[in-house]
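Here is how the chains run, residue by residue.
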Amino acid sequence: MRPYEVMVIFDPDTEERSVQPTLEQYLTVITNGGGTVDNLDIWGRRRLAYEIQKKSEGIYAVINLTAQPDDVKELDRQFRINESIMRTKVIRPDTR
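Residues numbered from 1 in each chain as written. Predicted model: local features only at pLDDT ≥ 70, side-chain atom pairs only at ≥ 80, totals over all residues. Heavy atoms only, no water.

K.L.:
Describe the sheet that holds strand β1 (residues 2-10), and please don't skip the residues or the numbers.
P.N.:
If you trace the 4 strands from one edge of the open sheet to the other, you get β2-β3-β1-β4, paired in antiparallel fashion. Single-partner strands in this sheet number two, and they are β2 (36-52) and β4 (85-91). Strand after strand, the sheet turns through a mean of 20 degrees between neighbouring axes, direction not considered. Pairing of β1 with strand β3 (residues 55-67) involves 9 bridges; the strand directions are antiparallel. Among the inter-strand pairings, Arg2 is bridged to a residue of β3, identified as Ala67. (Pairing = 2+ DSSP bridges. Helix = DSSP H or I, 4+ residues; strand = E, 2+ residues; numbered from the N terminus. Axes fitted to C-alpha atoms, helices over the stretch in contact; angles between N-to-C directions.)

K.L.:
Hey, could you go over helix α3 (residues 69-81) for me, with residue numbers and the actual values?
P.N.:
With 13 residues, α3 ought to run about 18 Å at 1.5 Å a step, and its terminal C-alpha atoms sit 19 Å apart, in line with that. Among all positions in α3, only Asp71, Val72, Leu75, Asp76, Gln78 and Phe79 are buried. Down the axis of α3, the sector holding all buried residues measures 160 degrees, keeping them to one side. Along α3, the residues that are exposed and aim more than 90 degrees away from the buried face are Asp70, Lys73, Arg80 and Ile81. (Expected span 1.5 Å × (residues − 1). Buried < 20%, exposed > 50% of the residue type's maximum accessible area, 1.4 Å probe, protein only. Arc of directions from axis to C-beta.)

Written out as C-alpha cells, the structure reads:
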C-alpha cells in the first residue's frame, strides 16, 4: 500500500452538489481493493491557469488515499472515461 494524492478538475457546468457523490462512487474501486480514502476535499469552483476545452473555470477536488498501484491506475482510467471530468493528476507525495 502506498499513499497517493489525486487532483480532479470537473467541468464547471457540473452541479457542485453532485461532485462528492460522483467521487464517492468512483472511490469504491479503492475501498474494494483494500485501500483507504484518507481525505476528500472539495475546493469548489476555481479559475484555471489556462483554458481547458475552451473553459476558464473548473471545480477542483483533492483526494488523499492509500492503495495498491493497480487500483489507483484503474481509478484514473475511470476518471478519464467520465466526460464531466476535464483533468486528473495522480502523485505520490514525498514521505521523507
